[in-house]
Amino acid sequence: MKIRKVVFPVGGLGTRFFPITRAIPKEMLGIIDKPLIHYAVEEAVHAGIEEFIFVTRHGKSSIEDYFDYMFSHANYFDVKIGSMCYVRQDEPKGLGHAVLCAKNLVNNEPFAVMSADDFILSTKSCLGEMASNYDGANMVATMSVDRKDVSKYGIIDVLKEDGSLVYAKSVDEKPPVEEAKSTHAIVGRYILSPDIFDVLEQLAPGVGGEIQLTDALLQMIPTCGLVGFKFEGQRFDCGSKKGLLAAILQVASQDANLQQVIEEFNRRK
Ligand code: UTP
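Residues numbered from 1 in each chain as written. Predicted model: local features only at pLDDT ≥ 70, side-chain atom pairs only at ≥ 80, totals over all residues. Heavy atoms only, no water.

Let us now look at the site of the ligand. Inspection of the region around the ligand gives 18 residues, with G11, T15, K26, Q89 and G94 positioned closest. A distance of 2.7 Å is found between an oxygen atom of the ligand and a backbone nitrogen or oxygen belonging to G11. Between the ligand and E27, the relevant distance is 3.0 Å, taken from an oxygen atom to a side-chain nitrogen or oxygen of the residue. Taken by itself the ligand offers 570 Å² of open surface, and the protein chains cover 83% of this. (Near = heavy atom within 4 Å. Polar contact = N/O pair within 3.5 Å; in protein donor to acceptor, adjacent residues only side chain to side chain. Areas by Shrake-Rupley, 256 points an atom, 1.4 Å probe, with all protein chains shown as cover.)

So, about the packing of aromatic side chains. Counted under the stated rule, the structure contains seven aromatic pairs. Aromatic pair F54 and F67: ring centres 5.4 Å apart, planes at 35 degrees, arrangement tilted. Of the two residues, F54 sits in strand β4 (residues 51-56) while F67 sits in helix α2 (residues 61-73), which places them 13 residues apart along the sequence. Assigned by exposure class, F54 and F67 land together as buried. Plain terms: the ring middles of Y66 and F67 are 5.1 Å apart, the flat faces sit at 85 degrees to each other, and that makes the pair edge-to-face. (Phe/Tyr/Trp six-rings, centres within 6.5 Å; stacked < 30°, edge-to-face > 60°. Helix = DSSP H or I, 4+ residues; strand = E, 2+ residues; numbered from the N terminus. Buried < 20%, exposed > 50% of the residue type's maximum accessible area, 1.4 Å probe, protein only.)

So, on to the side chain of K60. Relative to the assigned elements, K60 resides in the loop between β4 and α2. A polar contact of 3.0 Å, which involves the side chain of K60, links it to the backbone oxygen of G12.

Here the residue pair F18 and P19 is connected by a cis peptide bond, since its omega of 10 degrees sits within 30 degrees of zero. Relative to the helices and strands, P19 is located in the loop between β1 (5-9) and β2 (30-31). In this structure, N107 is a non-glycine residue whose phi angle is positive, near 65 degrees. Tracing the backbone through its elements, the reader meets N107 in the loop between α4 (103-106) and β6 (111-114).

This paragraph deals with the pattern of salt bridges. If you walk through the whole model with that rule in mind, you get 17 salt bridges. With its nearest N and O atoms 3.4 Å apart, the salt bridge here joins K5 to E109. With K5 in strand β1 and E109 in the loop between α4 and β6, this pair connects stretches of sequence that are 104 residues apart. For the pair K5 and E109, one class covers both residues: buried. We note a salt bridge from R235 to D118, for which the minimum N-O separation is 2.5 Å. In this pair, R235 is assigned in strand β13 (residues 234-237) and D118 in strand β7 (residues 118-121), connecting sequence segments 117 residues apart. (Salt bridge = Lys/Arg side-chain N within 4 Å of Asp/Glu carboxyl O.)

Below is the structure:
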């Protein structure tokens, strides 16, 4: 099914990167010469997305400035001008709340959600692969994680697996290690039914006192279903310092000039 719209929730505080994120949005942190959000938009463009909706907040205007240039002046992405919109999240009340802020712009059609801090390096657009497999059930990108790390993720309770698809009977946000039903973790790529807005509107705060997207996905399993997509490629958690550094080193290692710097650094040790 053709997915035309993507929502980028960029309203988070990025506390793990304080102090730099006091003044620079986490999504504008660079992997060498491009900010994280650039890579996410690129992945969306390769998935055929036409409308780009950013859920933003105070202090994030450099994202708008960046894309003013990349879309309008440089026409870097070669998609039509006027397809960018911005809506504000008044307070950082969680990922689910950020998605809800985009309700009026998404309107009544299935849409994608991408977290720019989940950086995916792959020969194929992860979102594009998901869109090709989307059949109306809510879809999330999943990967296998170490059991000790399950409490950092939404974790799927598996009903059945079929190739790259994992059908969920339940899902749990950040479960304690001993309670996790599997090691299939959700990473920040979603294709969602617009029915999720009605669910988000009446959802109580969950883990961390935030409106959790995972809780809305759980409520919708009986009516809509939930499918995990096991994507190809490497994912870096660039919401953490270690993940961002690993991503920078990975990208640098693919560039002959930059690789020299890594080799020199390793020799000096
Ligand atoms: P995180 O859970 O990483 O939160 O959000 P955060 O605030 O960005 O970072 P830390 O944990 O304080 O370091 C995951 C994604 O959801 C967005 C973030 O911008 C990020 O893309 N988000 C989160 C919102 O848009 N609004 C929110 O209220 C919370």
